[in-house]
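Reading the structure
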Amino acid sequence: NPASMTLRKNEKKTRKRHTVEGLQKIRDVSPFWLQNAIDLALLTAQRRIDILNMRWSDIQDGYLHIAQQKTTKQSDDEFEELHGAGYVRIKIDTELQNVLNRCKSDKLISPFIIHRVPKTKKKTHMEAKEHWTQVNLAYLTAEFKAAVKKSKAYSGYTDDQLPTFHEIRALSIFLHKKAGKDAQKIAGHATQLMTQKY
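About the criteria used
Residues numbered from 1 in each chain as written. Predicted model: local features only at pLDDT ≥ 70, side-chain atom pairs only at ≥ 80, totals over all residues. Heavy atoms only, no water. Pairing = 2+ DSSP bridges. Helix = DSSP H or I, 4+ residues; strand = E, 2+ residues; numbered from the N terminus. Salt bridge = Lys/Arg side-chain N within 4 Å of Asp/Glu carboxyl O. Buried < 20%, exposed > 50% of the residue type's maximum accessible area, 1.4 Å probe, protein only. Expected span 1.5 Å × (residues − 1). Phe/Tyr/Trp six-rings, centres within 6.5 Å; stacked < 30°, edge-to-face > 60°. Lys NZ or Arg CZ within 6 Å of the ring centre and 35° of its normal. Axes fitted to C-alpha atoms, helices over the stretch in contact; angles between N-to-C directions. Parallel < 35°, antiparallel > 145°, perpendicular 65-115°, else oblique. Contact = heavy atoms within 4.5 Å. Nonpolar A, V, L, I, M, F, W, Y, C, P; charged D, E, K, R; others polar.

Moving on, we get to the sheet that holds strand β1 (residues 59-60). By way of backbone hydrogen bonds, the strands of a sheet pair with one another, either parallel or antiparallel. On the basis of which strands lie adjacent, the open sheet formed by three strands has the order β1-β2-β3 and antiparallel pairing. Each having just a single partner strand, β1 and β3 (87-91) make up the two edges of the open sheet. Where β1 lies against strand β2 (residues 63-67), two bridges are found, and the strand directions are antiparallel. Of the residues in β2, the one forming a bridge with Q60 is Y63.

Listed below in structure tokens is the structure:
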């Protein structure tokens, strides 16, 4: 049946979750911009795309304003696609302010909170970006995977089991719930069921 090749496969998820200790080891071997992205993801419980799209102009009146995007068709995101995502306003506390200050400490002028100086400025890459300092999803994914392997944080896992940047969201939600915070509100989930999935 040729049509069966176009149908979405519901493959069983084999990736494991991050541990606090494992993520710290990954962070320790990551480049500066990726350390900031990890910290921002852990504090805000947002998706990769939302972390990379955060702009300095999104900070107003002591809050970080996030209009969440849904971008993937992967099976692990199917639940969120069906139930939606929305608008989140996160109060900037001391911990988040420290991360934001660190993001500015490189003195690089960029509209994006998470940014980097690319090794090369090829025109083909420039056309796909809004700004030359912008980090794209593919680069974030590749650099995070390289840091996971370099750190040997999860040396007993197979490649299919290694947690990705996306799994920081689950760890963040777990830690927020453990601290007695409203994880559903922070993550921007439409329902409590979605938060429980994480």
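After that view of the structure, there is still more to cover.
Applying the stated criterion across every chain yields a total of six salt bridges. R15 is the salt-bridge partner of E167, the closest N and O atoms lying 3.1 Å from each other. Residue E167 is located in helix α8 (residues 167-178), and its partner R15 is located in the segment before α1 (20-28); the two are separated by 152 residues in the primary sequence. Ionic pairing is found between R27 and D39, a salt bridge with its closest N-O pair at 2.8 Å. In this pair, R27 sits in helix α1 while D39 sits in helix α2 (residues 32-44), placing the two residues twelve residues apart along the sequence. Each member of the pair, R27 together with D39, is buried. Connected via shared salt-bridge partners are R27, D39 and R102.

In this section: α8. Over its twelve residues, α8 runs 17 Å from end to end, which matches the ideal 16 Å to within 8%, given 1.5 Å per residue. Every buried residue of α8 is accounted for by E167, I168, R169, A170, L171, S172, I173 and H176. G180 lies just past α8 and shows a positive phi near 80 degrees.

Another point: the packing of aromatic side chains. Applying the stated criterion to the full structure yields three aromatic pairs. Here the aromatic rings of Y154 and Y157 are separated by 5.2 Å at their centres, their planes lie at 5 degrees, and the arrangement is stacked. One cation-aromatic arrangement involves R89 over Y63; the distance from NZ or CZ to the ring centre is 3.8 Å. The aromatic ring of Y63 is capped on one face by K91, whose charged end is 5.2 Å from the ring centroid.

Attention now goes to the packing of α2 against helix α7 (residues 137-151). Viewed as axis vectors pointing N to C, α2 and α7 meet at an angle of 95 degrees, and their least axial separation amounts to 11 Å. Judged by the angle between their axes, α2 and α7 are roughly perpendicular. Along its contact with α2, which presents W33, L34 and I38, the element α7 presents Y139, L140, E143, F144 and A147. Within the contact of α2 with α7, the residues separate by chemical class into seven nonpolar, no polar and one charged.

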